[in-house]
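Chain residues, written in single-letter form:
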Amino acid sequence: SQTIHQWPATLVQPVGSPLSLECTVEGTSNPNLYWYRQAAGRGLQLLFYSVGIGQISSEVPQNLSASRPQDRQFILSSKKLLLSDSGFYLCARSLGGIYNEQFFGPGTRLTVL
Amino acid sequence: AQKVTQAQTEISVVEKEDVTLDCVYETRDTTYYLFWYKQPPSGELVFLIRRNSFDEQNEISGRYSWNFQKSTSSFNFTITASQVVDSAVYFCALSEASARQLTFGSGTQLTVLP
């Protein structure tokens, strides 16, 4: 089966602290990977996507960054968290282009205090 | 630019009632795909269906059915004989060739009461 793992599941961090969220995918090679943020109010915002190792596209300028050091690993980072970074972070994968359905991981709930 | 509108913010029904979730989209492309996702309280988005712009056939999967109408730019989702387990937030989404991302609607919170 094609499974997406995200950790941690929940995280509480103080303002100004660094962040590292990890997403790993099983069962598929060369997937497209995505990071979304879902703030209160349910809207989903695409943050980054990657079509391959080392290839990252940013959709929204912010204090977050993403990296893809391995084919099945996608990392979301920040050097200094802001209060506005609080939210539910979802990793997703798809095979091929944007027309293919995306499958989502369980998410990480981040609270910045 | 692509846009997805889910005008119904919250819907509440009693178990066994039928319910329709509305989705209206905007796109300039002739080739595009439409999706529905379910987000239960656990948070993980669950893929339900994908439909391409050239296929207007309605689709039925168990208690779920989808009505795609290009003339009204709508892709509505009906749950027949709703159950408490159907309670979730439902998202409609659109992807098109000129964009590199999936655009989601704001979601509809469905609550099915026993």
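In case you missed it, the structure is sitting above this.
In this text, all values refer to a predicted model and were calculated from it rather than measured experimentally.

Trainee: Give a detailed account of the state of the cysteines, specifying residues and quantitative values.
Mentor: Here a disulfide denotes one covalent bond, and it connects the sulfur atoms of two cysteines. All names here are of chain A. The final tally for this structure, using the stated rule, is two disulfides over all chains. Here C23 connects covalently by a disulfide to C91, the sulfurs 1.9 Å from one another. Note on the C23 and C91 pair: the S-S dihedral is about -70°, so by sign convention the disulfide is left-handed. One end of the pair, C23, is in strand β3 (residues 19–25); the other, C91, is in strand β9 (residues 87–94), and 68 residues separate them in sequence. For the pair shown, C23 and C91 are each scored as buried.

Trainee: Kindly report on the interface of chain A and chain B, identifying the contributing residues and their values.
Mentor: With 20 residues of chain A at the interface, the matching set in chain B holds 26 residues. Summing both partners gives a buried area of about 1900 Å² for chain A against chain B, and 55% of it is carried by carbon and sulfur. Here chain A is connected to chain B by one salt bridge. The partner of R50 of chain B in a salt bridge is E101 of chain A, with the nearest N and O atoms 3.4 Å apart. Scanning the region where chain A abuts chain B turns up three residue pairs in polar contact (both at pLDDT 80 or more). Here the element with the most residues in the side of chain A that touches chain B is strand β5 (residues 44–52) of chain A; it accounts for three residues.

Trainee: How would you summarise the pattern of salt bridges if you had to cite specific residues and measurements?
Mentor: Under the counting rule described, the total for this entry stands at six salt bridges over all chains. Notably, a salt bridge pairs D85 of chain A with R37 of chain A, separated by 3.5 Å at the nearest N-O pair. Placement of the pair is D85 of chain A in the loop between β8 (73–78) and β9 and R37 of chain A in strand β4 (residues 32–38), with a sequence separation of 48 residues. Salt bridges linked by common partners bring R51, D55 and E59 of chain B together as one network.

Trainee: Provide a residue-level description of the sheet that holds β8 of chain A, including the pertinent values.
Mentor: Residue and element names in this part refer to chain A. Strand order in the open sheet made by the four strands is β1-β3-β8-β7, with antiparallel pairing throughout. Lying at the two open borders of the sheet, with one neighbouring strand each, are β1 (4–7) and β7 (64–70). Strand-to-strand twist of the sheet, defined as the mean angle between neighbouring strand axes without regard to direction, takes the value 20°.

Definitions and limits used
Residues numbered from 1 in each chain as written. Chains lettered and ligands numbered in written order. Predicted model: local features only at pLDDT ≥ 70, side-chain atom pairs only at ≥ 80, totals over all residues. Heavy atoms only, no water. Disulfide = S-S within 2.5 Å. Helix = DSSP H or I, 4+ residues; strand = E, 2+ residues; numbered from the N terminus. Buried < 20%, exposed > 50% of the residue type's maximum accessible area, 1.4 Å probe, protein only. Contact = heavy atoms within 4.5 Å. Buried area = accessible area lost by both parts, 1.4 Å probe. Salt bridge = Lys/Arg side-chain N within 4 Å of Asp/Glu carboxyl O. Polar contact = N/O pair within 3.5 Å; in protein donor to acceptor, adjacent residues only side chain to side chain. Pairing = 2+ DSSP bridges. Axes fitted to C-alpha atoms, helices over the stretch in contact; angles between N-to-C directions.

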